[in-house]
Amino acid sequence: MKARPRGNFGNNEEDTEAALRDLRQERYGQESMRWTDEMNRAMQRARSGFGGDGGGATNWGEMGPGFEEEGQFVAPPLALRSSAFCTSWLGRGENSGSSSAVTEAAGSCNEGCDRDAHNKRARVNSCSNDCHYAAVMASGAGNSTPSADRHLGLRKSSSTPSNNDIFYHNFMWNNNSDDNPFDSDGARDDGDDSITSKSEDLEVRMDLTDDLLHMVFSFLDHVNLCQAAKVCRQWRAASSHEDFWRCLNFENRNISVEQFEDMSRRYPNATEVNIYGAPAIHLLVMEALFSLRNLETLTVGKGLLGDPFFVALGDCIMLKSLNVNDATLGSGIQEIPISHDRLCHLQLTKCRVMRISVRCPQLETLSLKRSNMAQAVLNCPLLHLLDIGSCHKLTDAAIRSAAISCPQLESIDMSNCSCVSDETLREIALTCANLHILNASYCPNISLESVRLPMLTVLKLHSCEGITSASMSAIAYSYMLEVLELDNCSLLTSVSLDLPRLQNIRLVHCRKFADLNLQSIMLSSIMLSNCPALHRINITSNSLQKLALQKQENLTTLALQCQYLQEVDLTDCESLTNSICEVFSDGGGCPMLKSLVLDNCETLTAVRFHSTSLVSLSLVGCRAITALDLACPSLELVCLDGCDHLEEASFCPVALRSLNLGICPKLKILSIEAPSMVSLELKGCGVLSEASINCPLLTSLDASFCSQLKDDCLSATTASCPLIGSLILMSCPSVGSDGLLSLQRLPHLSVLDLSYTFLMNLQPVFDSCLQLKVLKLQACKYLTDTSLEPLYKDGALPALQELDLSYGTLCQFAIEELLACCRHLTHLSLNGCVNMHDLNWGCSGGQLSELPGKISSPALFSHENIPVPIEQPNRLLQNLNCVGCPNIRKVVIPAVALCLHLSSLNLSLSANLKEVDVVCFDLYFLNLSNCCSLEILKLECPRLTSLFLQSCNIDEGVVEAAISQCGMLETLDKDSHRFCWISYGLVVLLAY
């Protein structure tokens, strides 16, 4: 019988389906009528007020949030919108729903009506469907559109923004763009006017009152306000509040005159306007002056400002600040008058004008910086700040006339005015008695001869070629001076000042400057840099806390009387002598010094500091130091990198917690008294012969390669440092049995490294170090076969966990006994043991034990199924390394070996290894790389994850058979392929 196609039913089924469809349509029609009646009743209730409890609104205009007022459309209640949506959906006659879905929709609509009726805040419908819901209700219910509009009070004009509204928002988003983010109904046009099939997608619930929105929007700039205006009508109305548009910023925007007029009409109370870089600035600024009567701040530039602008300024009576930048004033040849009764701040920067006349009785600050005017006439009796910097065309007489016409001047900047002379400064000093700040940088003609400025607090004289040591006598009269800058004064040779209020002084790139003598109790900052001739500094101050004198190559003498000085940096001061130590020691004038940097001071040979306050000392790169004596009980950090000629060092007392002297290979004598020190490294001090170490809290001592360290020194150290837990004596051939016997004074010793020593007897170690956990005996070639007998015969060192016998001369029998008896070891290294031939844990005492039948089934391989002799304890071994054992041929670890914890086995570089047979439950890492003679491989390691067989010539069939019992194998490296073991199958991951 041929199969019936899917969806092809018989005639009876087609008749049944048609009947059901007719019944469904009839039911939908009934439901549609019922929903229409519900809608009408809801609208009638809305007109008469909800609830009837005496507080209901009587018409749509009084319903509160969610309804329209005077042409402003706000979304209707949720129940009406949901009813309209359901009616439209039912009226389409679609068969995708069911009556149960209609019932659920009705329930949700009723709940929404109740919820909105009691909600105090507006619920705003999504903008894409507000303008269609009335038509939807009409089409779904069969009622006429005018009826629905009459009930809902909707008019198209109520939801349509004006052209100005559309321009207002679009202007800030895209200058003069024709794209409108809103459609004709005031909603965003998403390109689809149809209503979607999910009512929850139509609703956006806004739970913010207008007051709260106002507060939130106050933190937004104009661009973000315009973005927020696109969310909904409530946000649009809130974002357009005039409080947010007091400042109209059109800097570098392509705004037309018509657009600016519209903005001015919209926000007539704006107080600040910026049209810098806008086209036609003359027309725009005239519009601003005439339209914005409350304008207080105006910024213009990049264009031509004609004479009418300056004439109209007087009519803008509220203007207080005018900023003109990079503009041409008038025709550029005539005099420009600026007159205003309330203007307080005027800035004409980089402007092109021949002459300017300013008459502003309230003007306080005036900047003409970088303008190319030849003359400026000022009538500003209250002016206290004048900036004429870089006005190259102003003559000396013009500058003098402008300055003396303002007797209240407190600050004047005449930098880069090359015509200024001492005569002008003298006139200014006589007229402007309150002058506090003077910037005369880059004025080559001034020398301050006979200039007296007693009230001056800030003086800047950068690159003034006329300033010499004789000028200091004039500066000395400025007893109120706080800041003095003398950078690049090429003729200045010395500075000697006694100014009680001086706080900051700069002397940078003064090529001939050699001597500095400062006395100021308030001096807090000194900047001295790149003064190659400087050789003497004498500073007295009670406020100086930090002194930086880097790269003063000729500095030889430094005298400081600075009671509160805490940080000094003398990096690369190559001429400093050993006398500098007296300056920073107790009694040297810096009693509170905490940090001292003397890096790369290569002339220091003997450094001795005795300071109770010093905390940090850096002597990096001081290669000439041979003797170091630090008696600094507060010293916590010392850096001696590069002090490779240090021979004698004393740290008594210090507060160091750690110290590394391994970078001092010539150190011979060492004395340390550090009550807090816990770590000391002497690695590489090959000539150290005398060491007195008194550190009661010392826990770690590394004396590797201290070939001259003898037993008496070791004995004295163990007596004074009883808490040592880690002792490294690698390559200390002078240490013998007497020194090892002194280890009994170290009850906490757990790590001992005696590698590369000439020891022949380890009995002192076995007797003294009962708590030892790690013992390293690499390359101890003088140890005999019986040296380790106390370990496997007498049970010495019961706490031992790690043992390293690499590159030793122990015989096969000693190794077998060690493996058989020392079952408490967790890490064992036998790398490079040439006398080891086999690693067979089936042997005991050199004899092969009788092994039970081999467990071949992985299912039976578990701790419970391993035949365990009752008298033998489990082995704790976890890591076994036998790298580079050239004579080992066979490795056998059966199940009865009880290696239940062995997780890592490394047999790489064993060239003669032929057979490996391992049965280990917890083994996950096995390395057989470069075992070129390997022929037999048998593995029963169910948890093995990594197997390395690089440069092994073993047959692949043998490998596959071996790993068949390794169900968790993840990575197999063999020759040029990397395999991954997945579900007992091999997959090539990468071919090199």
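Residues numbered from 1 in each chain as written. Predicted model: local features only at pLDDT ≥ 70, side-chain atom pairs only at ≥ 80, totals over all residues. Heavy atoms only, no water.

Where an unreviewed UniProt entry is consulted, the chain appears under the name F-box domain-containing protein, with the organism given as Salix koriyanagi.

1. Considering the overall build of the chain
Within the chain, the regular secondary structure consists of 22 helices and 53 strands. Looking at the 992 residues of the chain, the share that counts as buried comes to 48%. Partitioning the contacts of the chain with sequence separation of at least 6, the portion at a separation of at least 24 is 44%. Entry remark: accessible area of the chain is about 44,900 Å², with carbon and sulfur atoms responsible for 50%. (Helix = DSSP H or I, 4+ residues; strand = E, 2+ residues; numbered from the N terminus. Buried < 20%, exposed > 50% of the residue type's maximum accessible area, 1.4 Å probe, protein only. Contact = heavy atoms within 4.5 Å. Areas by Shrake-Rupley, 256 points an atom, 1.4 Å probe, with all protein chains shown as cover.)

2. Things to note about the pairing of strand E18 (residues 504-508)
On a regular strand, one side chain projects to one face of the sheet and the next to the other, so that they alternate. Relative to E18, strand E16 (residues 483-485) runs parallel, the two sharing 3 bridges. Its bridge partner lying in E18, glutamate 485 is registered against arginine 506. Of the strand pairs in this sheet, E18 and strand E20 (residues 525-529) are connected by 5 bridges, and their pairing is parallel. When the sheet's bridge partners are listed, valine 508 is paired in E20 with serine 529. (Pairing = 2+ DSSP bridges.)

3. Looking at the nonpolar core
Membership of the largest hydrophobic core comes to 256 residues, with the highest contact counts inside it found for Met414, Phe584 and Phe651. With 6 residues, the top contributor of residues to this core is helix H11 (residues 281-291). Not counting the four nearest positions on each side in its chain, phenylalanine 584 is found in contact with Leu558, Leu560, Val568, Leu570, Cys590, Leu593, Leu596, Phe609 and Ser611. (Core = buried A, V, L, I, M, F, W, Y, C linked by side-chain atoms within 4.5 Å.)

4. Details of the sheet that holds strand E26 (residues 606-610)
Across the sheet, 5 strands lie side by side as E26-E28-E30-E32-E34; this open sheet has parallel pairing. The open sheet has two edge strands, E26 and strand E34 (690-694), and neither has a second partner. If you compare each strand with its neighbour and ignore which way they point, the axes differ by 5° on average. Two elements, E26 and strand E28 (residues 627-632), share 5 bridges in a ladder whose sense is parallel. (Axes fitted to C-alpha atoms, helices over the stretch in contact; angles between N-to-C directions.)

5. Observations concerning the pattern of salt bridges
Scanning the entire structure with this criterion turns up 15 salt bridges. The partner of arginine 246 in a salt bridge is aspartate 243, and the shortest N-O contact between them spans 3.6 Å. By relative accessible area, which is 31% here, arginine 246 ends up partly exposed. On the basis of relative accessibility, which here comes to 38%, the residue aspartate 243 falls in the partly exposed class. For lysine 369, the salt bridge is made with aspartate 413, and the minimal N-O distance between the two is 3.8 Å. Of the two residues, lysine 369 is situated in the loop between strand E10 (365-367) and strand E11 (375-379) and aspartate 413 in strand E13 (residues 411-413); the sequence distance between them amounts to 44 residues. Residue classification places aspartate 413 among the buried positions, given a relative accessible area of 15%. Each of Glu242, Asp243 and Arg246 takes part in a single network of salt bridges with overlapping partners. (Salt bridge = Lys/Arg side-chain N within 4 Å of Asp/Glu carboxyl O.)

6. Brief notes about the sheet that holds strand E21 (residues 536-541)
Read from one edge to the other, the open sheet built from 4 strands follows the order E17-E19-E21-E23, with strand pairing classed as parallel. Strands at the two margins of the open sheet, each flanked by one partner only, are strand E17 (494-498) and strand E23 (557-562). Going across the sheet, the axis of each strand differs from the next one's by a mean of 5°, ignoring polarity. Bridge analysis of E21 against E23 gives 6 bridges, and the strand direction is parallel. Directly across from isoleucine 537, in E23, lies its bridge partner leucine 558.

7. Some details on helix H21 (residues 812-821)
When you tally the buried positions in H21, you get 8 out of 10 residues, the bulk of the element. What H21 keeps buried is the set Gln812, Ala814, Ile815, Glu816, Glu817, Leu818, Leu819 and Ala820. Packed against the buried residues of H21 are helix H20 (789-792), strand E39 (802-804), strand E40 (827-829) and strand E41 (838-840).

8. A look at the side chain of glutamine 552
With respect to the element layout, glutamine 552 can be found in the loop between strand E22 (546-548) and E23. Residue glutamine 552 is classed as buried on the basis of its relative accessible area, which comes to 0%. Within the local environment of glutamine 552, its side chain forms a polar contact with the backbone oxygen of glutamine 550, the two atoms lying 3.1 Å apart. Residues in contact with glutamine 552, not counting those within four places in the same chain, are Leu528, Ser529, Asn530, Cys531, Leu534, Asp572, Cys573 and Glu574. (Polar contact = N/O pair within 3.5 Å; in protein donor to acceptor, adjacent residues only side chain to side chain.)

9. As for the packing of helix H10 (residues 257-266) against H11
The relative placement of two packed helices comes down to the angle between their axes together with the axis-to-axis distance. Where H10 meets H11, the closest approach of the two axes is 10 Å, and the angle between their N-to-C directions is 20°. Taken as axis vectors, H10 and H11 run roughly parallel relative to one another. For the pair H10 and H11, the sense of crossing is right-handed. Residues Val257, Phe260, Glu261 and Ser264 of H10 touch H11, and the partners they reach there are Leu283, Leu284, Glu287, Ala288 and Ser291. For the contact of H10 with H11, the per-class residue count stands at 5 nonpolar, 2 polar and 2 charged. (Parallel < 35°, antiparallel > 145°, perpendicular 65-115°, else oblique. Left-handed = near helix turned anticlockwise from the far one by under 90°. Nonpolar A, V, L, I, M, F, W, Y, C, P; charged D, E, K, R; others polar.)

10. So, the side chain of lysine 230
Here lysine 230 is to be found in the loop between helix H8 (222-228) and helix H9 (233-239). Among the residues examined, lysine 230 registers a relative accessible area of 18% and is labelled buried. For lysine 230, the side chain forms a polar contact with the side chain of glutamine 227, separated by 3.0 Å.

11. Here's the deal with the packing of aromatic side chains
As enumerated under the stated definition, the model contains 7 aromatic pairs in all. When the centroid spacing of 5.5 Å and the interplanar angle of 80° are considered together, the rings of phenylalanine 217 and tryptophan 235 count as edge-to-face. You can see phenylalanine 217 sitting in helix H7 (residues 210-217) and its partner tryptophan 235 sitting in helix H9, a full 18 residues away along the chain. On the numbers, 6.0 Å between centres and 75° between planes, the contact of phenylalanine 250 with phenylalanine 260 is edge-to-face. Here the residue phenylalanine 250 occupies a position in the loop between strand E3 (247-249) and H10, and phenylalanine 260 occupies one in helix H10, the gap between them amounting to 10 residues. Accessibility assignment for this pair places phenylalanine 250 and phenylalanine 260 in one class, buried. (Phe/Tyr/Trp six-rings, centres within 6.5 Å; stacked < 30°, edge-to-face > 60°.)

12. Section: unusual backbone geometry
Cis geometry is adopted by the peptide bond preceding proline 653, which originates at cysteine 652 and carries an omega value of -15°. Structurally, proline 653 is set in strand E30 (residues 648-654). Even without being a glycine, tyrosine 442 presents a positive backbone phi close to 60°. Secondary-structure assignment places tyrosine 442 in the loop between strand E14 (437-439) and strand E15 (458-460). Judged by its relative accessible area of 42%, tyrosine 442 is partly exposed. One non-glycine residue, asparagine 600, adopts positive backbone phi at about 60°.

13. Considerations on the packing of helix H13 (residues 396-404) against helix H14 (residues 422-431)
Put simply, H13 and H14 touch, their axes get as near as 10 Å, and they point 5° apart. Taken together, the axes of H13 and H14 lie roughly parallel to each other. Between H13, through Asp396, Ile399, Arg400, Ala403 and Ile404, and H14, the contact on the second element is made entirely by Glu423, Thr424, Glu427, Ile428 and Thr431.

14. Comments concerning the pairing of strand E45 (residues 890-893)
Here 3 bridges tie E41 to E45, and the two strands are oriented parallel to one another. Bridge assignment links asparagine 840 to a residue of E45, and that residue is valine 892. Bridge count between E45 and strand E47 (residues 915-919): 4 bridges; the pairing is parallel. In the strand pairing of E47, isoleucine 893 is matched with valine 918.

15. A few points about the environment of aspartate 487
Within the fold, aspartate 487 resides in the loop between E16 and E17. The class for aspartate 487 is buried, based on a relative accessible area of 4%. Once you skip the residues sitting within four places of it in the chain, aspartate 487 turns out to touch Leu461, His462, Ser463, Arg506, Leu507 and Val508.

16. A look at the environment of leucine 378
Secondary-structure assignment places leucine 378 in strand E11. Taking the C-alpha atoms as reference points, leucine 378 and isoleucine 356, separated by 22 residues in sequence, lie 8.5 Å from one another. When near neighbours in sequence (up to four residues on either side) are disregarded, leucine 378 contacts Val358, Leu366, Leu383, Leu386, Ala402, Ser405 and Cys406.

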